[in-house]
Amino acid sequence: MEIINNVKGTHDIFGDETDAYDYVESMMKSIAEIYAFNGVRPPVLESEKVFSRGVGESSDIVRKEMYTFLDKGGRMLTLRPEFTAGIMRMVVQNKLYATNELPLKFYYLGPVFRYERPQLGRYRQFNQFGVESIGNNSPYSDIETIALAYTILCSLGLEGVTLKVNTLGDDESRDNYRKALKEFFAKHIDHMCEDCKQRYELNPLRILDCKVPEDQEIVKGAPKISDYLSEASKARFIQIKDALEVLNIPYEVDDGLVRGLDYYSETVFEFHYKSKAGVDYGAIGAGGHYGKLMQELGGPELPGVGFSFGIERVVSVLKDDNLLKDIKKELDVYIMPLSEEAMLYSQEVAVLLRNSGGYKVDMCFDKTKLGNMFKRAGNKNAKFAVIIGEDEINKDSVILKDLAKQEQEEVKVDKLIEKLDKYFDSEEE
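*Asks:* Looking at this structure, I do not really get the pairing of strand 9 (residues 264-274). What am I missing?
*Replies:* On a regular strand, one side chain projects to one face of the sheet and the next to the other, so that they alternate. The buried count for strand 9 comes to 10 of 11 residues, which makes it a mostly enclosed element. Bridging between strand 7 (residues 162-167) and strand 9 involves six bridges; their strand directions are antiparallel. Bridge assignment links V165 to a residue of strand 9, and that residue is F269. Here strand 9 runs beside strand 10 (residues 280-290); their pairing, made up of nine bridges, is antiparallel.

Rendered as C-alpha cells:
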C-alpha cells in the first residue's frame, strides 16, 4: 500500500521537538502576560477581504502567497497568512474598542499559511506568536512592544540580537516619499523585475524590499525616507531612539527597512540574529506601528503596534546555539506492575496520584522483566518508580524507589501522596 507523505512545505512536530516548541511558546506567553497582554484565538479561516483590504493588495502576501479558495457556499475564503488583520476584524465585529479600556493588549499563537519557497526555518504552514496593542498612539506603546519582544529573545538565552529600526512616517511623510520614489524609479523600472513593475504601480515603497540582486543595486541609490519626514514624525522617531537607549536595548537605524505589509506607518522594526554556528537567520521577528488598518476593515481610526515571531525559526536558532539541551520533560512516577493481577491495582494507584496528587504518572502495560521496566523509567526521565506485586496488593502498599538515590521503601497507599509531597517540597526549597 502506498505511503502518504506530508504536504510539501509542512512538517510534523514530535518527540524532543514538541518539547522545544512547548518550551518556547510557554516562555513567550508567560512574558506577554507579565506585560499585561491577554490571549486571543481568532479563526484560521477568514474572508479573503480581511487580507486584501487589511494587509494590502501590493504586498507579496496578498499578490502571491495566500491560500484562497471558494467554499461550497461560493464564499471566497483564505487560510490566514498572518494574524493582525484577523484580530482587527475581531475587534471591529465585536466592538471591543467600545466595551473595553484602551489600549486593547492581545497576544496570539497558532498556525499561518503562505505559499512560498520552503527554506531554512520557513514552511508553507508555520507557527507564529505575536502581540497587538490597539488604541493608543503614544510612542511609548511602540517602545513597550519592542521591549517585550526583546525581553522574550533575551529570556530564551539569545545573545547579540540586532534590533533594526526605521520610521515610515505619517501620511504626509509617506505621500511625499512615494512621489520621490516614483520619480526616481521611473528611469529604471523598465529594466527591473516584473514584481517591481507591479509594485511601482501599486506601492513604490514595496520596491525597497525587492530581493533581486540587480534591483537591489538600483535601490541603493533611491531617496531615503528620512529626507521626507514631517516634523511630527521626526520628533516621534527621536523619542523612540532615546527610549531604547534608556532601556539599554541596542539598536541600529536601517533607513531601507520598510517591512512587507502595507498597513505599517511610523515605527517599523526587525530582530536579526546570527547563530553561534555562523548561520545567518536574518529576521527572526518583526513588527511595527499601524494607523489606518482598523478603518480599512470598517472600524474607527484606531492606531496600534505589534510584532510576530516565527516559532520554527526561533526553535532552529535555539538548537543551533545548544540552548534546548536542558528542557527535556520529566516524569514524576513510573508504575511497574509485576503481574497481570497487579494491573488493575496499578491503575488505581495511577489515578490516585494523578487526580489527588497532581503528579505526572505513566505505567508499564507489557509483560516484561523488571530490568526492562527500569530502563523505560530512565528513558522517560522518571524521578520515582512505584513497584507493585502480589505482596503489595495484599498489604495495600507499594514499593517506592528514588531512582536518583537508588533507595527504596515500602509505603502504604494512603501515605503515598504525603511521601511524594515531602520530597518535591524539599526539592523546591
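Read on for the rest.
*Asks:* Any chance you could explain the environment of D175 here in plain terms?
*Replies:* Note that D175 resides in helix 7 (residues 171-185). Considering only alpha carbons, one finds D175 and D425, 250 residues apart in sequence, at a separation of 63 Å.

*Asks:* I tried to follow the packing of aromatic side chains on my own but got confused; where do I start?
*Replies:* One pass over the structure, following the stated rule, counts 12 aromatic pairs. Residues F83 and Y108 carry aromatic rings whose centres are separated by 4.2 Å and whose planes lie at 20 degrees to one another, so their mutual orientation is stacked. With F83 in the loop between strand 4 (76-79) and helix 4 (84-93) and Y108 in strand 5 (residues 104-113), this residue pair connects regions lying 25 residues apart in the sequence. Each member of the pair, F83 as well as Y108, is classed as buried. Ring centres of F184 and F185 lie 5.0 Å apart, and the angle between their planes is 75 degrees; this geometry places the pair in the edge-to-face category. Members of the aromatic cluster, each reached through a chain of ring pairs, are F269, F271, F307 and F309. Geometry around Y115 places R124 over its ring, the cationic atom sitting 4.1 Å from the centre. A cation sits over an aromatic face here: K182 above Y200, 4.3 Å from the ring centre.

*Asks:* How do you make sense of the environment of S233 when you look at a structure like this?
*Replies:* With respect to the helices and strands, the residue S233 is situated in helix 10 (residues 231-246). Measuring from C-alpha to C-alpha, the distance between S233 and M373 comes to 67 Å, with 140 residues separating the pair along the chain. Apart from the residues within four sequence positions on either side, S233 is in contact with G169, D170, S173 and E266.

*Asks:* For this particular structure, what's the right way to read the sheet that holds strand 12 (residues 331-337)?
*Replies:* Sheet strands pair via backbone hydrogen bonds, and the direction of the pair is either parallel or antiparallel. Spatially, 13-12-14-15-16 is the arrangement adopted by the five strands of the open sheet, whose pairing is mixed. A single partner strand is all that each edge strand has here, and the edge strands are strand 13 (361-363) and strand 16 (407-412). Pairwise comparison of adjacent strand axes, ignoring direction, gives a mean angle of 25 degrees for this sheet. With four bridges joining them, strand 14 (residues 382-388) and strand 15 (residues 397-402) adopt antiparallel strand pairing. The partner of F384 across the bridge, within strand 15, is D402. Against the sheet, helix 14 (residues 370-379) contacts strand 12, strand 14 and strand 15, and its axis sits at roughly 165 degrees relative to strand 12.

*Asks:* Mind showing me how you'd approach the pattern of salt bridges here?
*Replies:* Opposite charge on two side chains allows them to pair when their charged atoms are near. This model, assessed by the stated rule, comprises 20 salt bridges. In this structure, E144 and K105 form a salt bridge, with 3.2 Å as the shortest nitrogen-oxygen distance. With E144 in helix 6 (residues 139-155) and K105 in strand 5, the pair connects residues that are 39 residues apart, well separated along the chain. Taking relative accessible area as the criterion, E144 reaches 28% and is therefore assigned partly exposed.

*Asks:* Where do I start with the nonpolar core in this structure?
*Replies:* Nonpolar side chains tend to gather and get buried jointly when the protein is soluble and globular. Core analysis: the largest hydrophobic core is formed by 50 residues, its most contacted members being I87, V91, F106, I134 and F185. Among the elements that make up this core, the one with the highest residue count is helix 4 (six residues). Other than its neighbours up to four places away in sequence, F106 contacts F37, N38, V40, I87, M90, V91, L96, G130, V131, E132 and I134. With 42 residues, the next largest nonpolar core counts M28, F129, Y150 and F237 among its residues.

*Asks:* Please clarify how unusual backbone geometry should be interpreted in this entry.
*Replies:* Glycine aside, residues mostly have negative phi angles, and peptide bonds mostly take the trans form. Of the consecutive residues L102 and P103, the connecting peptide bond is found in the cis state with omega at 5 degrees. With respect to the helices, strands and loops of the structure, P103 is situated in the loop between helix 5 (96-99) and strand 5. Although it is not a glycine, N381 sits at a positive phi angle of roughly 55 degrees. The backbone of Q406 shows a phi angle near 55 degrees, a positive value even though the residue is not glycine. Among the structural elements, Q406 can be located in the loop between strand 15 and strand 16. Judged by relative accessible area, which is 51%, Q406 ranks as exposed.

*Asks:* Whenever I open this one, the sheet that holds strand 3 (residues 67-70) confuses me. Can you help?
*Replies:* One open sheet accounts for three strands, arranged 2-4-3; its pairing is antiparallel. Sheet topology places strand 2 (45-47) and strand 3 at the edges, where each strand pairs with a single neighbour. On average, each strand axis in the sheet is tilted by 35 degrees relative to the strand beside it, whichever way the strands run. Where strand 2 and strand 4 come together, three bridges link them in antiparallel fashion.

*Asks:* I would appreciate a short explanation of the state of the cysteines in the present structure.
*Replies:* Counted by the stated rule, this structure contains zero disulfides. With no disulfide of its own, C193 has C196 as its nearest cysteine by sulfur position, at a separation of 3.5 Å. In this model C196 remains outside any disulfide bridge; the closest cysteine sulfur is found in C210, 3.5 Å from its own. Residue class for C196 comes out buried when judged on its relative accessible area of 0%.

Thresholds applied
- Residues numbered from 1 in each chain as written.
- Predicted model: local features only at pLDDT ≥ 70, side-chain atom pairs only at ≥ 80, totals over all residues.
- Heavy atoms only, no water.
- Buried < 20%, exposed > 50% of the residue type's maximum accessible area, 1.4 Å probe, protein only.
- Helix = DSSP H or I, 4+ residues; strand = E, 2+ residues; numbered from the N terminus.
- Pairing = 2+ DSSP bridges.
- Phe/Tyr/Trp six-rings, centres within 6.5 Å; stacked < 30°, edge-to-face > 60°.
- Lys NZ or Arg CZ within 6 Å of the ring centre and 35° of its normal.
- Contact = heavy atoms within 4.5 Å.
- Axes fitted to C-alpha atoms, helices over the stretch in contact; angles between N-to-C directions.
- Salt bridge = Lys/Arg side-chain N within 4 Å of Asp/Glu carboxyl O.
- Core = buried A, V, L, I, M, F, W, Y, C linked by side-chain atoms within 4.5 Å.
- Disulfide = S-S within 2.5 Å.

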